[in-house]
Amino acid sequence: MAKERRRAVLELLQRPGNAHCADCGAPDPDWASYTLGVFICLSCSGIHRNIPQVSKVKSVRLDTWEEAQVEFMASHGNNAARATYESKVPSFYYRPTASDCQLLREQWIRAKYERQEFTRPEKQEPYSAGYREGFLWKRGRDNGQFLSRKFVLTEREGALKYFNRNDAKEPKAVMKIEHLNATFQPAKIGHPHGLQVTYLKDNSTRNIFVYHEDGKEMVDWFNALRAARFHYLQVAFPGASDADLVPKLSRNYLKEGYMEKTGPKQTEGFRKRWFTMDDRRLMYFKDPLDAFARGEVFIGSKESGYTVLDGLPPSTQGHHWPHGITIITPERKFLLACETESEQRAWVEAFRKVVDRPMLPQEYAGEGWEGRPGDCARTPCGPDPLDACPFCSGSTLQA
């Protein structure tokens, strides 16, 4: 009888909606919550175990199933659970995938089943009200210490602000929602709730790094930023559908990691830099937690004359790492080197995905890195040049 009941549970996996984890979408879930009636992956099952008052889990293949539990699973399933527990998910709310960090997946699961935020819209006020203020730990630009700072998000002003003192009348920084991105970076920041916020300041990309000890608080801030972006884009693009706008609310980086680079004359030697691939912008930093990028390279499409090649030109010298990459743009070649072959393959794959994708009309504006001297508004563009400034013809950026 036990084998028959287990076989019956396995057969339920063939029903529509049950072949992927109910919470993160991972294929072939091997676990189930027999109190919620959903099939889930191993990773999400660990989160469910932490809320035993709501969810109790079993292995689909290894545990013994009771008849009543099998019948409950048969009368529910993933599609039915979504219809109940996700009936009122706001369009802007981030739905995590299997590749997202633990914090996002945990708070998504707790929001659905424990707090039932998506069946009771009044519980969504912390991230949907259009105004939010509170204290976050922010990393100092110069000393690297995390200090408590007051943050205020106001949709009416279209900005996120932070203040160095509680009683300060003027904000230390004003980050326009129009140019803002937020992405969780727990490993990079060194905290499981670490969030990287990127915005434009003086035509230059600026990073700040924040966290909060309360995971729900940090995810609420993240979704409040997405809500503000969503409402801004609804006004900016009144004819666009929610499906068009949601992918533009926030974005994860395509690839990050260390590579070596050299300058435009390829005679200065190679230096180790931290690279971030943000859609079509390849930025490089001296340190992963730098506030400002040392330089940015636009990566266009193959139709626009961009190519990515394995290896370096035969005459290249000065690189310490053996696995080279050459990026050919209409203006020049960029020479990079990776420490391992696997890193080289991963970077080449990321570059080629971008190069193989046709450019949108608005992306052609991004090619205008080679502007007039001074267009980049950087002061100075760089006293110790290793690379040509991607903003100013003839000017330079720091190495």
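Description of the structure in this document. (Residues numbered from 1 in each chain as written. Predicted model: local features only at pLDDT ≥ 70, side-chain atom pairs only at ≥ 80, totals over all residues. Heavy atoms only, no water.)

### Structural notes on the overall build of the protein
- The helix and strand tally for the protein stands at 10 helices and 19 strands.
- Relative to its 399 residues, the protein shows a buried fraction of 49%.
- Residue pairs in contact within the protein that sit at least 24 positions apart in sequence constitute 50% of those at least 6 positions apart.
- Just so you have it, the protein exposes about 19100 Å², and 50% of that area is on carbon and sulfur atoms. (Helix = DSSP H or I, 4+ residues; strand = E, 2+ residues; numbered from the N terminus. Buried < 20%, exposed > 50% of the residue type's maximum accessible area, 1.4 Å probe, protein only. Contact = heavy atoms within 4.5 Å. Areas by Shrake-Rupley, 256 points an atom, 1.4 Å probe, with all protein chains shown as cover.)

### A short note on the nonpolar core
- Grouped together as the largest cluster of nonpolar side chains are 39 residues, with contacts concentrated most on Phe 151, Leu 160, Met 175 and Phe 184.
- Elements represented by at least two residues in this core include exactly α5 (102–114), β5 (146–154), β6 (159–163), β7 (173–176), β8 (181–184), β9 (195–201), β10 (204–211) and α8 (215–236).
- The biggest single contributor to this core is α8, with 10 residues.
- Ignoring anything within four residues of it in the chain, the contact list for Leu 160 reads Phe 151, Val 152, Leu 153, Ala 173, Val 174, Met 175, Ile 177, Leu 180, Val 197, Trp 221 and Leu 225.
- Core analysis: the next-biggest nonpolar cluster, separate from the first, contains 21 residues, Ile 327, Leu 336, Cys 338 and Trp 347 among them. (Core = buried A, V, L, I, M, F, W, Y, C linked by side-chain atoms within 4.5 Å.)

### Here's the deal with the sheet that holds β7
- If you trace the seven strands from one edge of the open sheet to the other, you get β7-β6-β5-β4-β10-β9-β8, paired in antiparallel fashion. Whereas interior strands pair on both sides, the edge strands pair on one side only; in this sheet they are β7 and β8. Across this sheet, the average inter-strand angle for adjacent strands is 35°, counted without regard to direction.
- In the packing of α8 onto the sheet, contacts are made with β4 (131–139), β5, β6, β8, β9 and β10, and the angle to β4 comes to roughly 120°. (Pairing = 2+ DSSP bridges. Axes fitted to C-alpha atoms, helices over the stretch in contact; angles between N-to-C directions.)

### A look at the pattern of salt bridges
- Tallying each qualifying case throughout the model produces 24 salt bridges.
- For Lys 150, the salt bridge goes to Glu 133, with nearest N and O atoms at 3.9 Å. Here Lys 150 is found in strand β5, whereas its partner Glu 133 is found in strand β4, with 17 residues between them in sequence.
- Judged by its relative accessible area of 21%, Lys 150 falls in the partly exposed class. (Salt bridge = Lys/Arg side-chain N within 4 Å of Asp/Glu carboxyl O.)

### A short note on the packing of aromatic side chains
- A complete count under the given rule lists 18 aromatic pairs for this structure.
- Judged by centre distance (4.9 Å) and plane angle (75°), the ring pair of Tyr 93 and Phe 118 falls under edge-to-face. In this pair, Tyr 93 sits in the loop between α4 (78–85) and α5 while Phe 118 sits in the loop between α5 and α6 (125–128), placing the two residues 25 residues apart along the sequence.
- The class of Tyr 93 is buried, set by a relative accessible area of 4%.
- Judged by its relative accessible area of 0%, Phe 118 is buried. (Phe/Tyr/Trp six-rings, centres within 6.5 Å; stacked < 30°, edge-to-face > 60°.)

### Details of helix α10 (residues 341–355)
- With 15 residues, α10 extends 21 Å between its outermost C-alpha atoms, agreeing within 8% with the 21 Å of an ideal straight helix rising 1.5 Å per residue.
- Three or more residues of α10 are buried, namely Gln 344, Trp 347, Val 348, Ala 350, Phe 351, Val 354 and Val 355. Buried residues along α10 cover an arc of 160° about the axis, so they all sit on one side. Turned more than 90 degrees away from the buried face of α10 sit Arg 345 and Lys 353, all of them exposed. (Expected span 1.5 Å × (residues − 1). Arc of directions from axis to C-beta.)

### Quick look at the sheet that holds strand β2 (residues 38–40)
- Across the sheet, three strands lie side by side as β2-β1-β3; this open sheet has antiparallel pairing. On the outer flanks of this sheet lie β2 and β3 (57–59), each paired with one strand and no other. If you compare each strand with its neighbour and ignore which way they point, the axes differ by 30° on average.

### Focus on helix α3 (residues 67–75)
- Here α3 has its buried residues at Gln 69, Val 70 and Met 73. Buried residues in α3, looked at end-on, bunch into an arc of 100°, giving them a common side. Of the exposed residues in α3, those oriented more than 90 degrees away from the buried face are Ala 68 and Ser 75.
- On its buried face, α3 is in contact with α1 (2–12), β1 (31–33), β2 and β3.
- Just downstream of α3 lies Gly 77, where phi reads positive at about 100°.

### Some details on the environment of Phe 298
- Along the polypeptide, Phe 298 turns up in strand β14 (residues 295–298).
- Measuring from C-alpha to C-alpha, the distance between Phe 298 and Leu 282 comes to 6.3 Å, with 16 residues separating the pair along the chain.

### Let's talk about the packing of α5 against α8
- Where α5 contacts α8, the two axes come as close as 10 Å, and the packing angle between them is 95°. Put simply, α5 runs roughly perpendicular to α8. Between α5 and α8, the residues in contact are Leu 103, Leu 104 and Gln 107 and Gly 215, Lys 216, Met 218, Val 219 and Phe 222, respectively.
- When grouped by side-chain class, the residues that make up the contact of α5 with α8 number five nonpolar, two polar and one charged. (Parallel < 35°, antiparallel > 145°, perpendicular 65-115°, else oblique. Nonpolar A, V, L, I, M, F, W, Y, C, P; charged D, E, K, R; others polar.)

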